[in-house]
Amino acid sequence: MELGYLIGTVAKMGALVAWIYGLLWGLSRERKWQKALTIVAAFAVIQLVILSRVGGLALFSAFDQGLLFQAITMTMVALGLNLIYGFNGQFSLAQWGFYGIGAYCAADITYRWSNGDASGLVVAGLGVMLGAAALFGVGAFLKRKRGVPVLSAFTFYLIAIVIAGIVAARIGQPLAASMKSGFGTADAPGALASPATMQIVFFLAVVIAGAFAAEASFIFGLPVLSLGSDYFGIATLGFAIIVKTLLVNTDTILPFPEMKGGRGMIGIPKLLPFANAADGEASGFQVALGAWTPAWLWIFLFFVLALVLIRNFVRSSTGRAALAVREDEIAARAMGVDVAKNKLLVFVAGSFLAGVGGGIYAHYMGFLSPGSFDFIAGFNPLIVVVFGGLGSMTGSIVASFGWIFFLEGLLRVLLGQLGTDAPSWRLVLYPIALILLMLVRPKGLLGTVEWGFLKAEGASRIRKKAAAKREGD
Amino acid sequence: MADDTILKLHKATKAFGGLLAVKDFDLELPRGSLQGLIGPNGAGKTTAFNLITGLIPTTSGSIEFEGERIDGLESFEITRLGVARTFQNIRIFANLSVLDNVRVAYHAHAGYGLADSLARSRRFEKKEAELTEKALDFLSIFKLADIADEEARNLPYGQQRRVEIARALACDPRLLLLDEPAAGMNPREILELMDYIHFIKDRFSLTILLIEHQMRVVMGICEYLTVMDFGEAIARGTPKEIQSNEVVIEAYLGKGAGKSAAS
């Protein structure tokens, strides 16, 4: 049983890594239809595997699907952190805090919506938009007024965003109340509670959660990013602790009784339920199409979007400037790079991904506990990023999958077979494995290696392409 | 341009606490000149460079570039105006390829925004291709095109210097500041470097100000020298004049040395 399980999990992990490799390879093809075909094929493969039953047993059990899901949310958080730490060189522990912010923000929106209250969506959506407008407005104002010290600028931004928030709440609440008659209420659910609308609201909630986390990171990062890297790290630790404390006190010092503080938020609509693995009793191979849910469509969509966006970000002039800032801030300044702006931009982009990841996570769990967003847990994405290779997007992805499957899948279950105390050994074996790996590969699993789509185009390849183009003409 | 002074420092002063690293320092660079800034260690030469490029703010005094005040500007803004520099201890982007080292310098003039790059718009594709082609052409001028994909840290020292200078030139400057370009070079490399400086000066019609300890370089290529000691300019003149200037010899070798050196 144990050996079979071990082989099974390793095989699944290998298959998933191969799947990622295939996806990245396909996306690196030249033509648009090839890319589109890759995306469709990659989705079809993963969806088919999930729906497949052999002798009535799912290839990917609900537990495995959960692991895969966790791996993908971890990928998003880790990619964001790698952007900040690996590509920009800013050691940050705040990523997990933004993950928590995103999770609670998205959860609150859909929770209220499913209870016949559109105010979460309207206020948060309005707030995020007004907040962005306020930040851009103040930014433009400060740009004209030269030489404003960072802390003064921070005060301006803070005041602007607080005003935006108050205005959003004041306008949003009556607006949401007036929409109530159109959408129905909890007692008589109208369009509000229909499954299709729910999916749209879910998508909006996740995007808003990302934007909310991004704006929070802007306000936090603006004064703090001017600190040197180590001091910045300590400040981000402080931020993670603040977030945890606020989440514990959501019902006391924050006005969100539905989040229930330290007891944990329950009743979040589970919008990403997985295909039920138990149905289908037929022997032999079978694809249980009846068990299909939109869960993997969403997860896959967000996964691919995250990949594409982060790659486009890194492989651009802004991304190169970010790398230059990591290598040498002073030289980057002397090369005409606005270092402060670049660091802030990268920090905001990374936090956006964390917020989106959190939003997705909340709708799979259906339950949020502040304990999950403790800063100790915040070391997990850091481990994944270092483990995969600082400055390697592929490394972060592969390490997320490997880490989740190794820690949760393999060790927990394998040791669980041995007795009730054995799962504790997992946190002994896992650090040992970590130490060994760092000794063997000090630059992480993949160093700075990238696969297919994520690869940087070197000069030789650019020349080859240009030559091919000339021949084609 | 009527006024042919490209850079003008007037009573530029930098105090670190009670220490005056640069004190009432005046400097005028005519357009197209190649001047040297020399002096004993700790004389404030690099600090003067840092003031010009805005890496540290001036305490008092003014700095004008092409007739406009640049003191108080951020260093990236000064670079974008047309002042580029290299560093005493090479500050190359070690883990980036040679090509990317140069492409970073184009960041300010990339011609596309963040939205373009995220969406990979047509504009991005076009501008990025142009930019890369420009960078590759640029590298071939310096005979670095063959190693464009090499990570900068793997290059030998002399080549790293050349990459650093190429990178500074990619900023499209009119004034180039070289901080000890010949440091750590052997005599043959120094000769190459001197040719190289002449070459880039003509090719990019630059004004160059350089700090150097290697007298062979200073006396060989500089048209005019300013000597600093304890943050102040103690002598100015052509290399010939400076060589026999007693104040300078005193600053370098100590009091009383002047007579024996002159004799």
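Residues numbered from 1 in each chain as written. Chains lettered and ligands numbered in written order. Predicted model: local features only at pLDDT ≥ 70, side-chain atom pairs only at ≥ 80, totals over all residues.

1. A look at helix H10 (residues 317-327) of chain A
Most of H10(A) is tucked away: eleven of the eleven residues are buried. Along H10(A), the positions that sit buried rather than exposed are A:Ser317, A:Thr318, A:Gly319, A:Arg320, A:Ala321, A:Ala322, A:Leu323, A:Ala324, A:Val325, A:Arg326 and A:Glu327. (Buried ≥ 20, exposed ≤ 12 C-beta atoms within 10 Å, placed from the backbone. Helix = DSSP H or I, 4+ residues; strand = E, 2+ residues; numbered from the N terminus.)

2. Quick look at the domain arrangement of chain B
Residue and element names in this part refer to chain B. For chain B, the assigned domains are domain 1 (1-43 + 54-82 + 173-179 + 199-208 + 228-232) and domain 2 (89-170). Taken over C-alpha atoms, the centre of domain 1 sits 26 Å from the centre of domain 2. The partner domain 2 presents four residues to the five residues of domain 1 that form the contact. In terms of residue class, the side of domain 1 that touches domain 2 is built from four nonpolar, no polar and one charged. (Domains from an automatic or database assignment. Contact = placed C-beta atoms within 7 Å. Nonpolar A, V, L, I, M, F, W, Y, C, P; charged D, E, K, R; others polar.)

3. A word on the packing of helix H7 (residues 195-224) of chain A against helix H12 (residues 339-365) of chain A
Two packed helices can be described by the angle between their axes and the distance between those axes. All names here are of chain A. Running from N to C, H7 and H12 point in directions that differ by 145 degrees, and their axes come no closer than 7 Å. With respect to the hand of their crossing, H7 and H12 are arranged in right-handed fashion. Between H7 and H12, the residues in contact are Phe202, Ala205, Val206, Ala209, Gly210, Phe212, Ala213, Ala214, Ser217, Phe218, Gly221 and Leu222 and Leu344, Phe347, Val348, Ser351, Phe352, Ala354, Gly355, Val356, Gly358, Gly359, Ile360 and His363, respectively. Here the contact of H7 with H12 is built from residues that sort into 16 nonpolar, eight polar and no charged. (Axes fitted to C-alpha atoms, helices over the stretch in contact; angles between N-to-C directions. Left-handed = near helix turned anticlockwise from the far one by under 90°.)

4. Quick notes on the pairing of strand E8 (residues 207-211) of chain B
Residue and element names in this part refer to chain B. Counting buried positions along E8 yields five of five residues, so the element is predominantly enclosed. Neither face of E8 is left uncovered, since the one carrying Thr207, Leu209 and Ile211 and the one carrying Ile208 and Leu210 both have all their residues buried. The sheet contact formed by strand E3 (residues 34-38) and E8 spans four bridges and is parallel. Looking across to E8, one finds that leucine 37 is bridged to isoleucine 211. Of the crossover connections in this fold, the one passing from strand E7 (residues 175-179) over helix H7 (residues 187-203) to the parallel E8 is right-handed. (Pairing = 2+ DSSP bridges. Right-handed = clockwise from strand over helix to strand, strands pointing away.)

5. A word on the interface of chain B and chain A
Contacts between chain B and chain A engage 33 residues on the former and 25 residues on the latter. The set of elements that each furnish at least two residues to the side of chain B that touches chain A consists of helix H2 (75-81), helix H3 (98-105), helix H4 (114-119) and helix H5 (122-141) of chain B. It is H3(B) that contributes the most residues to the side of chain B that touches chain A, five residues altogether. Split by residue class, the side of chain B that touches chain A holds 16 nonpolar, nine polar and eight charged.

6. Let's talk about the pairing of E7(B)
All names here are of chain B. The buried fraction of E7 is high, at five of five residues. Here E7 shows no split at all, with Leu175, Leu177 and Asp179 on one side and Leu176 and Leu178 on the other all buried. As paired strands, strand E6 (residues 83-85) and E7 are joined by three bridges and run parallel to one another. Within E7, the residue paired with arginine 85 across the bridge is leucine 177. When E7 meets E8, the two strands line up parallel, connected through five bridges. If you follow leucine 178 over to E8, its bridge partner there is leucine 210.

7. A short note on the sheet that holds E7(B)
All names here are of chain B. As summarised here, the arrangement of the six strands in space is E6-E7-E8-E3-E9-E10, forming an open sheet in which the pairing is mixed. Either end of the sheet is taken by a strand with one partner, and the two such strands are E6 and strand E10 (232-237). Sheet twist, expressed as the mean angle between neighbouring strand axes with direction ignored, is 20 degrees. Relative to E10, strand E9 (residues 224-229) is paired through five bridges, and the arrangement is antiparallel. The partner of aspartate 229 across the bridge, within E10, is glutamate 232.

8. Some thoughts on H5(B)
Residues and elements named next belong to chain B. Helix length check: H5, at 20 residues, gives a terminal C-alpha distance of 29 Å against a target of 28 Å (1.5 Å per residue), a fit within 8%. Where H5 is concerned, the buried positions are Phe124, Glu128, Thr132, Ala135, Phe138 and Leu139. For H5, the angular spread of the buried residues around the axis is 120 degrees, confining them to a single face. Turned more than 90 degrees away from the buried face of H5 sit Arg122, Asp137 and Ser140, all of them exposed. Once H5 finishes, lysine 143 follows within two positions and takes phi at roughly 55 degrees, a positive value. (Expected span 1.5 Å × (residues − 1). Arc of directions from axis to C-beta.)

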